[in-house]
Each structure stands twice: as structure tokens, then as C-alpha cells.
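As a plain string of letters, each chain reads:
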Amino acid sequence: RADASAAQRSEADVWLQSWRRSAAAWPEALSAVAARGVPEHAQMLAAQTLRTKALLDLDQVPANEFQALRDNLFALCGRASEGNWPRNVLVQCALAVADLAWQIEWFEVLDVAVSEWSKHDRYVGALLELASALVEESGHPWFWSGVQGIHGVGKTGEVLRSWAA
């Protein structure tokens, strides 16, 4: 709010940062991005949260739930393109899918995207954003250094180095 005091804004920021790092943010952000009628700024905040969580908080997701998360984020990216959501929301969804794909070593993600999204013009935006995000995120230092190691996953750096050779 514009009329909030500095202390109120600071308190709200502390709460928001705490929520964004919580395990509860996963389902809440997925719902907020997908819900109809959510203000654009709230939808964007939720999409940014998903992207950040896919990069930093994947350890909050049990390994047996990776596929469901992967499928939900992938579908959300397609819906963002299909539904003509704001481009910045689509970009964040694509970045979340790319970050997740690198960390869980879902290397056929682009093949799946081409297979699923090349059938209809309305998905071209999702396909292009995901391809771009995969390239952009492949250079993330965490993936090259092998830092991620989520649930025993962790040869991404080796795979990327072999592709770059």
C-alpha cells in the first residue's frame, strides 16, 4: 500500500520472504498463478516464487513428487501461452520448468515440449520461452558446479560439460 509506513513495509517484506521460502508456498503459488481473476502483479509474484523455489528450494519436495511437480509446472507454462497471460508470467513459468528440468535431469523436456506444443499455434510462445530458458539456465553456476545434488540427483554439470565439448 502506498500509505503504509516504512515499518509496515519492512514487516510485510519479512513475511513475504519467509513465505516464499516455506514449503507451503509451492501449492499456494501454483494455485495463484493458475487461478482466474488474480491481479497481474499477484500472478507475477506467484510465478516468480515458483521460479525461485525451482532453483533454490527443490529439497522441500520429496523425490517421489518430482514428476507431479514437473507435470504441473509444464502444464502451467502451456496454459500461460494458451491463455494469453502476461508475457512476464510466461517467462517465469518457463524459467521454473527449465530450472526444475536441469536439477532433476529431465533432459528430454524440449522433446516433450515440441511433441505437446507444436500441434497448435497458441503454444508457440511457451515452446520458444522454454527453449530460451533452457539455454539461459544451462549457464547457471549451480548446475555447472554440481552444487544442487537434490535427493541424489546431480550429474547435470557433467552432462552440460559433455554437451559443451
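Residues numbered from 1 in each chain as written. Predicted model: local features only at pLDDT ≥ 70, side-chain atom pairs only at ≥ 80, totals over all residues. Heavy atoms only, no water.

Chemist: Explain the overall build of the chain to me, and be specific about the residues and the numbers.
Modeler: In terms of helices and strands, the chain carries 9 helices and 0 strands. Its helices and strands in sequence order give the chain the pattern α-α-α-α-α-α-α-α-α, from N to C terminus. Looking at the 165 residues of the chain, the share that counts as buried comes to 43%. Sequence separation of 24 or more characterises 71% of the internal contacts of the chain that already satisfy a separation of 6 or more. As displayed, the chain offers around 8900 Å² of accessible surface, 54% of which is attributable to carbon and sulfur atoms. (Helix = DSSP H or I, 4+ residues; strand = E, 2+ residues; numbered from the N terminus. Buried < 20%, exposed > 50% of the residue type's maximum accessible area, 1.4 Å probe, protein only. Contact = heavy atoms within 4.5 Å. Areas by Shrake-Rupley, 256 points an atom, 1.4 Å probe, with all protein chains shown as cover.)

Chemist: Hey, could you go over the nonpolar core for me, with residue numbers and the actual values?
Modeler: Within the largest apolar cluster, 45 residues are counted, with the highest numbers of intra-cluster contacts made by Val33, Leu50, Trp117 and Leu130. Those elements that provide at least two residues to this core are α1 (6-20), α2 (25-34), α3 (40-56), α4 (66-82), α5 (87-104), α6 (109-117) and α7 (124-138). What Val33 contacts, discounting residues up to four positions off in sequence, is Gln43, Ala46, Ala47, Leu50, Leu76, Trp85, Val89 and Cys93. (Core = buried A, V, L, I, M, F, W, Y, C linked by side-chain atoms within 4.5 Å.)

Chemist: Can you explain the pattern of salt bridges? Please cite residues and give values.
Modeler: Under the criterion given, the structure shown has 7 salt bridges. Residue Arg51 is joined to Glu137 by a salt bridge in which the shortest nitrogen-to-oxygen separation is 2.8 Å. Pair noted here: Arg51 is in helix α3 and Glu137 is in helix α7, with a separation of 86 residues, a long-range link. Judged by its relative accessible area of 19%, Arg51 falls in the buried class. Given a relative accessible area of 3%, Glu137 falls into the buried group. Measuring nitrogen to oxygen at the nearest pair gives 3.0 Å for the salt bridge that ties Asp57 to Lys53. The burial state of Asp57 is the same as that of Lys53; both residues are buried. Each of Arg21, Lys53 and Asp57 takes part in salt bridges that share partners, so that together they form one network. (Salt bridge = Lys/Arg side-chain N within 4 Å of Asp/Glu carboxyl O.)

Chemist: I'd love a proper account of unusual backbone geometry, names of residues and values included.
Modeler: We note that Asn84 has phi near 55°; this positive angle belongs to a residue other than glycine. Positionally, Asn84 belongs in the loop between α4 and α5. One non-glycine residue, Glu105, lies in positive phi territory at about 60°. Looking at the secondary structure, you find Glu105 in the loop between α5 and α6. Given a relative accessible area of 25%, Glu105 falls into the partly exposed group.

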